[in-house]
Amino acid sequence: MSNPFEDQDAQFSVLINHEGQYSLWPQFAPVPEGWSEVLRAGRQECMDYVEQSWTDMRPRSLAQAMDARDDA
């Protein structure tokens with residue numbers, strides 16, 4: 001069985017959670033609890049979207065805490 005995440009011809013979704021973290025997800029699989037779909041497209045388009053959108057890998061709560069500490 002091949003890895004569905006590597007199928008170049010499959011349709012995918014880009015998911016985001018409350019911490020601003022992204023995930024590439026095959027469209028045949030249900031969206032996990034706590035995640036929302038932001039894009040449905042081919043694999044490369046989804047990968048490009050994640051690369052352009054997810055510029056800070058820190059979870060949102062950590063980034064906010066670090067920014068607040070820096071402002072103090």
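Residues numbered from 1 in each chain as written. Predicted model: local features only at pLDDT ≥ 70, side-chain atom pairs only at ≥ 80, totals over all residues. Heavy atoms only, no water.

Labelled according to an unreviewed UniProt entry, the protein chain appears under the name MbtH family protein, originating from Actinospica durhamensis.

Caption draft 1: Fine view of the pattern of salt bridges. Throughout the structure, instances matching the rule amount to two salt bridges. Here Arg-40 makes a salt bridge to Glu-37, at a shortest N to O gap of 3.1 Å. Assessed through its relative accessible area of 52%, Arg-40 is described here as exposed. Between Asp-56 and Arg-58 there is a salt bridge; the shortest N-O distance is 2.6 Å. Under the relative-accessibility criterion, Asp-56 is labelled partly exposed at 30%. (Salt bridge = Lys/Arg side-chain N within 4 Å of Asp/Glu carboxyl O. Buried < 20%, exposed > 50% of the residue type's maximum accessible area, 1.4 Å probe, protein only.)

Caption draft 2: Structural detail: the packing of aromatic side chains. The tally for this structure, following the rule as stated, stands at three aromatic pairs. A centroid spacing of 5.9 Å and a plane angle of 70° characterise the contact between Phe-5 and Trp-25, whose relative ring orientation is edge-to-face. Remark: Trp-25 occurs in strand β2 (residues 22-26) and Phe-5 occurs in the segment before β1 (11-17); sequence separation between them is 20 residues. Ring geometry for Tyr-22 versus Tyr-49: centroids 6.3 Å apart, planes at 70°, classification edge-to-face. Of the two residues, Tyr-22 is situated in strand β2 and Tyr-49 in helix α1 (residues 43-53); the sequence distance between them amounts to 27 residues. (Phe/Tyr/Trp six-rings, centres within 6.5 Å; stacked < 30°, edge-to-face > 60°. Helix = DSSP H or I, 4+ residues; strand = E, 2+ residues; numbered from the N terminus.)

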